Amino acid sequence: ICDSCISSKIKEFILFPINGLPARTIFSRINNGEVTDDRFTKEDFLNKYQPTINSILAINDEDKKRNKQNSEWYKIHESKKQEKAVESSHRDFLLNRDLNTMTIFIFIFYLLVCFVLKLISFSWVFIIFTAVEFILTWIAARNKAMRYVLTVFAKDISAKEQVDQQPTEQQS
């Protein structure tokens, strides 16, 4: 119930406080060589999305550039969202994102029980355990978010390659 009380925007801010979700910077980051994926090459990516990249690079305002990247990624996502790999990576991301949020709630409730209700005594061990859990779920959620974004590209690029590799009726 607590997890449902927190909006997706707040959860996203907890995970990605500076640039937002990976889809908001992914075209630029792949184009600059900051992000790679074994499922497709940078050349495959550039061949498929060069017009989109050019339109993104033409934008000078960073917030508008991020919005454009997110919008363009989402268009690709919509055509691939039924793919099992995309669904699975999306679920993995959401699970880890929500586990991260729940760690915050556990910490807050623990402090309430210790200091307001005074039902249990304070334990540094529990605080350290909760901090480690928060860090691990934060890293996992960020990794799963990036995997999700890249899976959409991998499926889109590989779908194009499969169409290109199919023999035409004249070749058959």
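Here the structure is shown first, and the text comes after it.
Here is a short report on the structure shown in this document. Sequence positions are assigned chain by chain, starting from 1 and proceeding in written order. For this predicted model, a pLDDT threshold of at least 70 governs which residues receive local features, and a threshold of 80 or more governs which side-chain atom pairs are given and counted, while totals over whole chains, interfaces and linings are taken from all residues. With hydrogens and water stripped out, all remaining heavy atoms of the structure feed into the side-chain values.

1. Digging into the pattern of salt bridges
Close approach of charged atoms allows side chains with opposite charge to pair. Salt bridge criterion: a side-chain nitrogen from Lys or Arg within 4 Å of a carboxyl oxygen from Asp or Glu. As enumerated under the stated definition, the model contains 13 salt bridges in all. Lys 48 is the salt-bridge partner of Asp 156, the closest N and O atoms lying 3.6 Å from each other. Pair noted here: Asp 156 is in helix H6 (residues 124-165) and Lys 48 is in helix H3 (residues 42-57), with a separation of 108 residues, a long-range link. Residue Glu 83 is joined to Lys 155 by a salt bridge in which the shortest nitrogen-to-oxygen separation is 4.0 Å. For helices the rule is a DSSP run of H or I covering at least 4 residues; for strands it is a run of E covering at least 2, with both sets numbered from the N terminus onward.

2. Quick word on the packing of helix H1 (residues 8-15) against helix H5 (residues 84-116)
As a packed pair, H1 and H5 sit with axes 10 Å apart at the nearest point and diverge in direction by 85°. With respect to their mutual orientation, H1 and H5 come out roughly perpendicular. Mapping the contact onto sequence places Ser 8, Lys 11, Ile 14 and Leu 15 in H1 and Phe 93, Arg 97, Asp 98, Asn 100, Thr 101 and Ile 104 in H5. For this classification, Asp, Glu, Lys and Arg are treated as charged, while Ala, Val, Leu, Ile, Met, Phe, Trp, Tyr, Cys and Pro are nonpolar and the rest, including Gly, are polar. Each residue belonging to the contact of H1 with H5 can be placed in one class, and the counts come to four nonpolar, three polar and three charged. Comment: axis = line fitted to C-alpha atoms, over the contacting stretch for helices; angle = value between 0 and 180 degrees taken between N-to-C directions. Throughout, the term roughly parallel applies to angles under 35 degrees, roughly antiparallel to angles over 145, roughly perpendicular to angles from 65 to 115, and oblique to all others. In what follows, a contact means two residues having at least one pair of non-hydrogen atoms within 4.5 Å.

3. Concerning the nonpolar core
Think of a nonpolar core as a cluster: buried Ala, Val, Leu, Ile, Met, Phe, Trp, Tyr and Cys residues, connected wherever their side-chain atoms sit within 4.5 Å. For every residue, the accessible area obtained with a 1.4 Å probe (protein chains only) is divided by the maximum for its type, and the residue is called buried under 20%, exposed over 50%, and partly exposed between those limits. Membership of the largest hydrophobic core comes to 26 residues, with the highest contact counts inside it found for Ile 26, Phe 27, Phe 45, Trp 73 and Phe 153. When contributions to this core are tallied by element, the ones reaching two or more residues are helix H2 (26-31), H3, helix H4 (62-80), H5 and H6. Tallying contributions element by element places H6 first for this core, with ten residues. If we skip the residues at most four places from it in the chain, Phe 45 touches Phe 27, Ile 30, Phe 40, Gln 50, Ile 53, Phe 153 and Ile 157.

4. Some details on the packing of aromatic side chains
Working definition: a ring pair exists when centres of Phe, Tyr or Trp rings (six-membered ring for Trp) sit within 6.5 Å. Plane angles under 30 degrees give stacked, over 60 give edge-to-face, the rest tilted. Considering all chains together, one arrives at 14 aromatic pairs under this definition. Considering the side-chain rings of Trp 73 and Tyr 148, the 5.5 Å spacing of their centres and the 85° angle between planes classify their relative orientation as edge-to-face. Highlighted residues: Trp 73 in helix H4 and Tyr 148 in helix H6, separated in sequence by 75 residues. As far as the burial class goes, Trp 73 and Tyr 148 line up, both buried.

5. Things to note about H3
For a helix, the expected span equals 1.5 Å multiplied by the number of residues minus one. In this model, H3 (16 residues) spans only 17 Å end to end at C-alpha, well below the 22 Å of a helix rising 1.5 Å per residue. Largest kink in H3: about 80°, centred on Tyr 49, with the proline Pro 51 one to four residues after it. Of all the positions in H3, only Phe 45, Tyr 49, Thr 52, Ile 53 and Ile 56 are classed as buried. The term bend refers to the angle at a residue between two fitted axes, each drawn through seven residues, those ending there and those starting there.

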